[in-house]
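Structural overview
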Amino acid sequence: MKLKIAVLVKQVPDHEAMVQVKSEQELEIEDRYVCSFFDEIAVEAALNIEKNHPDAELFALSAGGKRSIDALRRAIAMGIDQVVHLGDESLEASDSNYTAQVLVARLRILQPDLVICGKQAGDDDYAAVGPMVAELLDIPHISGAVSLDTNPDLNMVNVGCEREGEIWYLESGFPLLISAEKGLAEPHVPVVTRVMKAMKANIQNIPLNELELHGNKPQGRIHRIRYVEPPSRPEVIMMQKPFPENISELVNYLQEKGILS
Amino acid sequence: MADKKIWVIAEIRKGNLTRSTSQLFGAAYKIADQKNLDVVGVLMGGEKSHAESLAQKASLVLWINDPGLETYEATRYFHAIWQLIESKGKPVVILASASSSGLELMPRLAIRCETGYASFCVDIWWEGSELVARRPIYGGRAYEELALIKEPALFTIRSGAFSIPGNLPNSGKVETITLTFSDDLGLKLIERKSTTSSKQELSEAECVVAGGRGLGSPENFKLLEELAQELDAAVGSSRAVVDSGWRSHDEQVGKSGKTISPDLYIAFGISGVIHHILGMNTSKVIVAINKDPEAPIFRNSDYGLVGDALEVIPVLTKELRSRR
Ligand SMILES: Cc1cc2nc3c(=O)[nH]c(=O)nc-3n(C[C@H](O)[C@H](O)[C@H](O)COP(=O)(O)OP(=O)(O)OC[C@H]3O[C@@H](n4cnc5c(N)ncnc54)[C@H](O)[C@@H]3O)c2cc1C
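Residues numbered from 1 in each chain as written. Chains lettered and ligands numbered in written order. Predicted model: local features only at pLDDT ≥ 70, side-chain atom pairs only at ≥ 80, totals over all residues. Heavy atoms only, no water.

1. Thoughts on the overall build of chain A
Note the threshold: Elements are defined by DSSP. Helices are runs of H or I of four residues or more, strands are runs of E of two residues or more, and each kind is numbered from the N terminus. Throughout, exposure labels follow a simple rule: accessible area from a 1.4 Å probe, protein chains only, divided by the maximum for the residue type, with under 20% read as buried, over 50% as exposed, and the rest as partly exposed. Throughout, a residue-residue contact means that at least one pair of heavy atoms, one from each residue, lies within 4.5 Å. With residues, only the protein chains shown are counted as cover, and all accessible areas are computed by Shrake-Rupley using a 1.4 Å probe. Counted as positive: Lys and Arg. Counted as negative: Asp and Glu. His and the chain ends are not counted at all. Charge positions are represented by NZ for Lys, CZ for Arg, CG for Asp and CD for Glu.
When you go through chain A residue by residue, the secondary structure sums to 6 helices and 15 strands. Out of the 261 residues in chain A, the part that is buried amounts to 57%. Counted over contacts in chain A with a minimum sequence separation of 6, partners at least 24 positions apart contribute 69%. Put simply, chain A shows about 11,500 Å² of open surface, and 48% of that area lies on carbon and sulfur atoms. Taking the average place of the 25 positive charges on the side chains of chain A and the average place of its 40 negative ones, the gap between the two points comes to 4 Å.

Here's what the structure looks like:
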């Protein structure tokens, strides 16, 4: 069996980028964007499958504004040649249902055996698009994958996924969607020649009006009312006494606070 | 009984209802009371005793008593809930924990019900006729408040965000439900492996003691485990420690690990760079022990102690023991 694998990627602010609430309607985000952490793991996981099954066919898809192109360039740099950019800036404010609908509109045409996405995106931390895509495609999904053994000859895959305090190993046939947890694969640093190739690549865009979206609207089910500042923590209280008296000093504070009985 | 309902999806782990399940009732009653809604517990699998203990918190428990649901399995749970909706009608709200199963189940359900879903919520309330949820974004560097327009509104609630309500007047009925499943739902559970050494599980624990590279060696985590036992805490760790193979990934706290909100988080020998902070900054009280007074962790803590973790931990354990 020749496996067809689609990887879903997204460009998000770097973890270290400054993000501030400017107003209820606006965030100020430092211009440092990267391919989302878990999405790079998803790309690498697909490349690992290709190593064992060289006839596998790999695609990367990204739905969103112009920035998505950079996530796709990263996928190319890492080793995926066929990439598609879906939609436009209007997707930046869409709910996860709409994003999933846009991706699925294309996935229905590609008909992959395996879809791999990140466990959650590094911006809205929503962890919803993957399972939603699976439901729209009417295929099973496994979230938080940490291991993946494919056996295309047997039409089988064994996926280890992280549960609270446990790893579960599940068996499935194809098609299947999995979302990548840290540990599934170790993203490699792309070689210079691939980076050059990625920079020069002409990236295909499919506009929203060419996708079958069944009347879904960008904020049809959820709309954002406002942004708010995160709660702030008061100034730290440092223990003043020398060791070991500072230990009882600390325990006293915690007892006063009612946090230790 | 009001005809409008809130469903609370219960979870059982290691033979008990989880603490997060009890916290969900905190969220449920907050929004139920304002609109005169009924709070209904939904239990998939489990024992009669679990259903009865849920009934202490809800006016009704829908107990899907099926041996196939004994261990959570995404597709089976999903089919069970969907069948329940078809037979009982749509509730106004469905609440689940932001646990691995809740996060798997709820987005799918949102698509099936053609409705809205908000994940990792830290608060929910009514604004007029709309339900609004607050949730952290950008790893907690900002929060957003979302209105869910359609019914049922689906939420996963972050562990630690709500307190367990006390003195509930309820002693609800248990309605046992049997469903039929097709044998082949796509996925088959082959094996389960435990990955934690501590009794407490990280995302459920009220107290977490975490160690970083400052502990010096994997062996020194024994000290931390002893302290954890004294505090009935779970053990957490930094990524550096996990990447060095000292501890397993499911103990990792941070951006690429778990996001937790215990009542008390104590960090030993953890530098506290943003990636780590993003995983624990919603803890109620944060304590840091680090030998470097300039360590960034102190900027995100309530209490700080400059010192050698290896000296501090055993003394702290002894001190706590002596005060019991
Ligand atoms: C994309 C990305 C994702 C990441 N995700 C995570 C994540 O999820 N979680 C996470 O933790 N990190 C994450 N990191 C890694 C993070 O950047 C740091 O490397 C890591 O948190 C450092 O771990 P540490 O504090 O244990 O070690 P170090 O940085 O080595 O710090 C050790 C600390 O211990 C102190 N110390 C040393 N000896 C002692 C002693 N005897 N007693 C007391 N204190 C002592 C030192 O002063 C120092 O502050 C991520 C990084 C990236 C790039």
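2. What about the nonpolar core?
The condition is simple: We call a set of buried residues a nonpolar core when its members are Ala, Val, Leu, Ile, Met, Phe, Trp, Tyr or Cys and they connect through side-chain atoms within 4.5 Å of each other.
Grouped together as the largest cluster of nonpolar side chains are 99 residues, with contacts concentrated most on L95, L109, I124 and F155 of chain B. Counting residues per element, this core draws most heavily on helix α3 (residues 96-110) of chain A, which supplies 8 residues. With residues up to four places along the chain from it excluded, the contact list for L95 of chain B reads I6, W7, V8, I9, L24, A27, A28, M106, I124, F155 and I157 of chain B.

3. A short note on the interface of chain B and chain A
Note the threshold: By convention, the term buried area covers the 1.4 Å-probe accessible surface removed from two parts as they join, with the contributions of both added. Every case where a carboxyl oxygen of Asp or Glu lies within 4 Å of a side-chain nitrogen of Lys or Arg is listed as a salt bridge. Pairs of N or O atoms within 3.5 Å make up the polar contacts considered here, provided that, within protein, one atom can donate a hydrogen while the other can accept it, and that residues adjacent in sequence are counted only when both atoms are side-chain atoms. Under the scheme applied here, ten amino acids are nonpolar (Ala, Val, Leu, Ile, Met, Phe, Trp, Tyr, Cys and Pro), four are charged (Asp, Glu, Lys and Arg), and all others, including Gly, are polar.
Chain B puts 93 residues into the contact, and the matching count from chain A is 82 residues. Contact between chain B and chain A buries roughly 7,600 Å² in total, counting both sides, with carbon and sulfur atoms accounting for 58%. Linking chain B with chain A are 12 salt bridges, by the criterion used here. Of the charged contacts in the structure, one is a salt bridge between D125 of chain A and K255 of chain B, with a shortest N-O distance of 3.0 Å. Scanning the region where chain B abuts chain A turns up 48 residue pairs in polar contact (both at pLDDT 80 or more). Per-element accounting of the side of chain B that touches chain A gives the leading share, 9 residues, to helix α4 (residues 100-112) of chain B. Grouping the amino acids of the side of chain B that touches chain A by side-chain chemistry returns 39 nonpolar, 25 polar and 29 charged.

4. Things to note about the pairing of strand β5 (residues 60-64) of chain B
Residue and element names in this part refer to chain B. As a reminder, the rule being used: Criterion used throughout: strands pair if DSSP finds at least two bridges between them. Handedness of a crossover is defined as follows: orient the strands so they point away from the viewer, and if the path from the first strand over the helix to the second runs clockwise, the crossover is right-handed.
Taking burial as the measure, the 5 residues of β5 include 5 buried ones, the bulk of the element. Taking every second residue as pointing to the same face, both faces of β5 are buried, with L60, L62 and I64 on one and V61 and W63 on the other. Where strand β4 (residues 38-44) lies against β5, 5 bridges are found, and the strand directions are parallel. Within β5, the residue paired with M44 across the bridge is I64. This β-α-β element, β4 to helix α2 (residues 48-55) to β5, shows right-handed connectivity. In terms of strand pairing, β5 meets strand β12 (residues 173-177) through 5 bridges, oriented parallel. Each residue of the ladder has a partner; that of L62, found in β12, is E175.

5. Some points on the sheet that holds strand β1 (residues 5-9) of chain B
Residue and element names in this part refer to chain B. In plain terms, the rule: Throughout, an axis means a line fitted to C-alpha atoms (over the contacting stretch in the case of helices), and angles, computed between N-to-C directions, take values from 0 to 180 degrees.
What the 7 strands build is an open sheet, ordered β7-β11-β6-β1-β4-β5-β12; its pairing is parallel. A strand with exactly one partner marks an edge of an open sheet, and here the two such strands are β7 (117-121) and β12. Each strand of the sheet is rotated relative to its neighbour by a mean of 20°, with strand direction disregarded. In terms of strand pairing, β1 meets strand β6 (residues 93-97) through 3 bridges, oriented parallel. Each bridged residue has a counterpart across the sheet, and for I6 the counterpart in β6 is V93.

6. Some details on the site of the ligand
What counts, and what does not: Residues are counted as near a molecule or strand when any one of their heavy atoms sits within 4 Å of it.
Residues in close proximity to the ligand total 26 residues, the closest being R213, S238, S256, S271 and N290 of chain B. What surrounds the ligand is not a single chain but chains A and B. Contact distances for the ligand include 2.7 Å between an oxygen atom and a backbone N or O atom of S271 of chain B. Burial of the ligand by the protein amounts to 78% of the accessible area it has alone, namely 980 Å². For the shell around the ligand, the secondary structure elements donating two or more residues are α6 (239-243) and α7 (274-277) of chain B.

7. Regarding the environment of L320 of chain B
Within the secondary structure layout, L320 of chain B lies in helix α8 (residues 309-323). Given the relative accessible area of 11%, L320 of chain B is considered buried. Considering only alpha carbons, one finds L320 of chain B and L187 of chain B, 133 residues apart in sequence, at a separation of 47 Å. With near-sequence residues (within four places) excluded, L320 of chain B lies in contact with V251 and L260 of chain A together with L227, E230 and L231 of chain B.

8. Observations regarding the domain arrangement of chain A
Stated formally: Each domain's extent is set by a domain assignment, obtained either automatically or from a database.
Split by domain assignment, chain A resolves into domain 1 (4-210) and domain 2 (231-261). Put simply, the middle of domain 1 of chain A and the middle of domain 2 of chain A, counted by C-alpha atoms, are 44 Å apart.

9. With respect to unusual backbone geometry
In the segment running from F174 of chain A into P175 of chain A, the intervening peptide bond is cis, with an omega of -5°. A cis amide bond links E151 of chain B to the next residue, P152 of chain B, at an omega of -5°. With respect to the helices, strands and loops of the structure, P152 of chain B is situated in the loop between β10 (142-148) and β11 (153-157). Even without glycine at this site, N36 of chain B takes up a positive phi of about 55°. Mapped onto the elements, N36 of chain B comes out in the loop between α1 (19-35) and β4. For N36 of chain B, a relative accessible area of 60% gives the class exposed.

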